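Structural overview for review
Below are the chains, spelled out letter by letter.
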Amino acid sequence: MSIFTAAGPALSQPAEPQLFAVTATGPAAVPGREPPPFRGVAFAIGPDSLLTAQGAVGDPARFSPAVRFAKTSVPDRTIELFGNGGPAFPAGVAAADGPAAVLVRSPQEPPLARARLSACPPGQAGLRLRADGEIPVEPVLSGGVVTHYRVTRPDGWDGRGFLGAPLLDGEGRVAGMLADVADDRRHVAIAPMAALAHLVPQATPIDCDPRPATGIAALNRTTGALSARVGKTEGMLQETQQALNVVTSGLADVADIFAGPGEGQADIEPVLRLLRDTLQPAQPLAGRVSSISTILQRPTWTTKAKFSDSSLTLTLTFAYRMQLPGRPLSQTLHLCSRLLMPYQGQRESEQYFRSPAFYAAAARPGRCKEAFVNLPNPGGPSDWGEYRAELYLNDFEHEFREYVAGRNWIDPAHPWNRVIFVALVRPEAAGGPDPQGGAVIQRALIRLPEGGDGSGGARPVECRVFDSDQEVIDFLAEMQPPVSPSDLSTTGFDDLPRLKLDPANASDECVPSSAS
């Protein structure tokens, strides 16, 4: 079905985002050969600017040049935009990069209703393209990475005339743009908004905005915050030096007393001389301050877990703070996960949750995904940082069902205990020799909820953090029920009312392993 009719374009036109059909025509670059009219969809990203696909307006090289310069030319190309029932109006290409192009029109009233944009991970639920109706799609993953999207209509969809159509997430935000379509009518390429954000006007807000802050106001805020931190650090160092001077002066006096005339002085005189010289207040404090700053720059972590009922997505946020600004922890961290499967055997040797190798294996490739990084000053010192990642409930349910299907002695209808182990891992340390978590920065047990109610809200989940893999092992071993040789239902971790990761579950902040 084409959006171009004899009377003009006929697009599905919701209040948000505001969509337009776009056409590009003009004489061909090769004399005597007319280029086909290019068609597509554009959506508003500013009062007079729109975003579309480059394929919707055509490669400038396909058109005859209107003006030639030494190395470039201006194509003889006419671009028109059509709204529902309204007259066409001209537009021009203001910028183009990769699969996208920014169109601008002459300023006029009323301003365009810009779309709600989101560079957040779109999840898997409720994704659809907005063009001649709503086209449901789902991501296709390879090694945990989205490579393209699949059209879920039974008869497919011919999207060749709709390049530039927005991808809407479960909350109705524009999370990407249709960049290309496959000949089989069932697969499409979508450019994520995170990769297009640099083309969006700075005044247009984007959820999970990846654009760096610009402008004098932002520079002033950054400079002011840095000055405050420098002043705070200088005050702390002055207080530290004063305290150390008092301590070293006192110790030097003690050394002088012991170094006075007395029996046995010849034996301790070299030691006292070294002590007196070392403790002189005039000695540089660089070494002492360095050790103190190392302590003050140890990160204190907070882990939060929320579950979205609309997208069936678990969002984990790992945030740290330091008392003294220091180097960022890492520019790249991975979130790794493993299921705690039922029926692990009656003997301790058969229960893999007791083996440190089970937790070390969580850091292997294929079980991890890169976390989104939020650092206030990636290139310099800061006193906090945040890492965020999303996990999908459907992936874990599928893995559990595959586990059950491969073991004919487990009832196919057996319920899942919904407990997973997650670890925040420094990738360069993954696979190291330390089986007790040398690669792991944070670890937690999480019980996933049974599914969403479609309300679109987010709620906390049961979550408990641990300082070491051995703490996880001890916690699960303590909660394991008595083993009965004749009753296989007591050999795993299913239906355990005592396995409470977070008894109150009143907050999205994970409780520590010591919580009762």
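Scope of this entry: the structure provided in the associated data block. The structure displayed is predicted, hence computed values, not measured ones.

By size, the foremost hydrophobic cluster in this structure holds 36 residues, and its most contacted members are Phe43, Leu51, Leu117, Leu129, Trp157 and Leu178. Not counting the four nearest positions on each side in its chain, Trp157 is found in contact with Leu129, Ala131, Asp132, Ile135, Val151, Phe162, Leu178 and Arg185. Judged by nonpolar contacts, the second largest core, of 35 residues, contains Phe318, Ala389, Val404 and Val422.

Turning to the pattern of salt bridges, a few remarks are in order. Going through the model one piece at a time under the given rule, you end up with 14 salt bridges. The shortest N-O distance in the salt bridge between Glu171 and Arg173 comes to 3.8 Å. One continuous salt-bridge network, built from bridges that share partners, spans Asp169, Glu171, Arg173 and Asp207.

What follows concerns the packing of aromatic side chains. Counted by the stated rule, this structure contains seven aromatic pairs. Between Phe20 and Phe89 the ring centres are 5.6 Å apart and the planes differ by 80°, which places this aromatic pair in the edge-to-face class. Within this pair, whereas Phe20 is found in strand 3 (residues 19–25), its partner Phe89 is found in strand 9 (residues 89–97), the two being separated by 69 residues in sequence. Of the two residues, Phe20 and Phe89, both sit in the buried class. Seen from their ring centres, Trp301 and Tyr387 are 6.3 Å apart, and the 35° between their planes marks the pair as tilted. Placement of Trp301 in strand 19 (residues 300–308) and of Tyr387 in strand 24 (residues 382–392) is noted, with a sequence separation of 86 residues between them. Like Trp301, the residue Tyr387 is buried in the burial classification. Taken together through their ring pairs, the aromatic side chains of Trp301, Tyr320 and Tyr387 make up a single cluster. Lying across the ring of Phe89, Arg105 places its NZ or CZ 5.6 Å from the centre.

We now examine the sheet that holds strand 4 (residues 38–44). Here we have six strands rolled up into a closed barrel, ordered 3-4-5-10-9-8, and antiparallel in their pairing. Averaged over all pairs of adjacent strands, the angle between their axes in this sheet comes to 40°, without regard to strand direction. Summarising the sheet, strand 9 and strand 10 (residues 100–104) pair through five bridges and their orientation is antiparallel. Its bridge partner being in strand 10, Ala96 is matched across the sheet by Ala101.

Since the α-helix turns once every 3.6 residues, residues separated by three or four places project in the same direction. Over its 13 residues, helix 7 (residues 393–405) extends 18 Å from the first C-alpha to the last, a length consistent with the 18 Å expected when each residue adds 1.5 Å. Residues of helix 7 that are buried include every one of Leu393, Phe396, Phe400, Tyr403 and Val404, and no others. Across the axial projection of helix 7, the buried residues extend over an arc of 95°, all falling on one side. Away from its buried face by more than 90 degrees, helix 7 exposes His398 and Ala405. Those residues of helix 7 hidden inside the fold are in contact with strand 19, strand 21 (334–339), strand 24 and strand 25 (419–425).

Let's shift gears to the sheet that holds strand 20 (residues 313–326). Within a sheet, each strand pairs with its neighbour through backbone hydrogen bonds, oriented either parallel or antiparallel. Taken together, five strands build an open sheet; the order of strands is 23-24-20-19-27 and the sheet is antiparallel. On the outer flanks of this sheet lie strand 23 (372–374) and strand 27 (458–460), each paired with one strand and no other. The mean inter-strand angle of the sheet, taken between neighbouring strand axes irrespective of direction, is 25°. Summarising the sheet, strand 19 and strand 27 pair through three bridges and their orientation is antiparallel. What sits directly across from Lys306, in strand 27, is Pro460.

This part takes up the state of the cysteines. Here is the idea: a disulfide is a covalent bond, and it sits between the sulfur atoms of two cysteines. Summed over the entire model, instances satisfying the criterion amount to three disulfides. The disulfide bridge from Cys120 ends at Cys208, spanning 1.9 Å between sulfur atoms. Residues Cys120 and Cys208 share a disulfide whose torsion about the S-S bond is about 90°; that sign makes it right-handed. Of this pair, Cys120 sits in the loop between strand 11 (117–118) and strand 12 (128–131) while Cys208 sits in the loop between strand 18 (206–207) and helix 3 (216–258), and the two are 88 residues apart along the sequence. Relative accessible area serves as the criterion here: at 14%, Cys120 is assigned to the buried category. What makes Cys208 partly exposed here is its relative accessible area of 37%.

Attention shifts here to the environment of Gly144. Along the chain, the position of Gly144 falls in the loop between strand 13 (133–142) and strand 14 (145–151). For Gly144, a relative accessible area of 47% corresponds to the partly exposed category. For the pair Gly144 and Glu370, spaced 226 residues apart in sequence, the C-alpha to C-alpha distance is 9.6 Å.

This next bit is on the pairing of strand 24. For strand 24, the tally of buried residues reaches eight of 11 residues, placing the bulk of the element in the interior. Bridging between strand 20 and strand 24 involves 10 bridges; their strand directions are antiparallel. Each bridged residue has a counterpart across the sheet, and for Tyr320 the counterpart in strand 24 is Gly385. Across three bridges, strand 23 lies against strand 24 in antiparallel orientation. The residue bridging Asn374 from the neighbouring strand is Glu386, located in strand 24.

Rules of the game
- Residues numbered from 1 in each chain as written.
- Predicted model: local features only at pLDDT ≥ 70, side-chain atom pairs only at ≥ 80, totals over all residues.
- Heavy atoms only, no water.
- Core = buried A, V, L, I, M, F, W, Y, C linked by side-chain atoms within 4.5 Å.
- Buried < 20%, exposed > 50% of the residue type's maximum accessible area, 1.4 Å probe, protein only.
- Contact = heavy atoms within 4.5 Å.
- Salt bridge = Lys/Arg side-chain N within 4 Å of Asp/Glu carboxyl O.
- Phe/Tyr/Trp six-rings, centres within 6.5 Å; stacked < 30°, edge-to-face > 60°.
- Helix = DSSP H or I, 4+ residues; strand = E, 2+ residues; numbered from the N terminus.
- Lys NZ or Arg CZ within 6 Å of the ring centre and 35° of its normal.
- Pairing = 2+ DSSP bridges.
- Axes fitted to C-alpha atoms, helices over the stretch in contact; angles between N-to-C directions.
- Expected span 1.5 Å × (residues − 1).
- Arc of directions from axis to C-beta.
- Disulfide = S-S within 2.5 Å.

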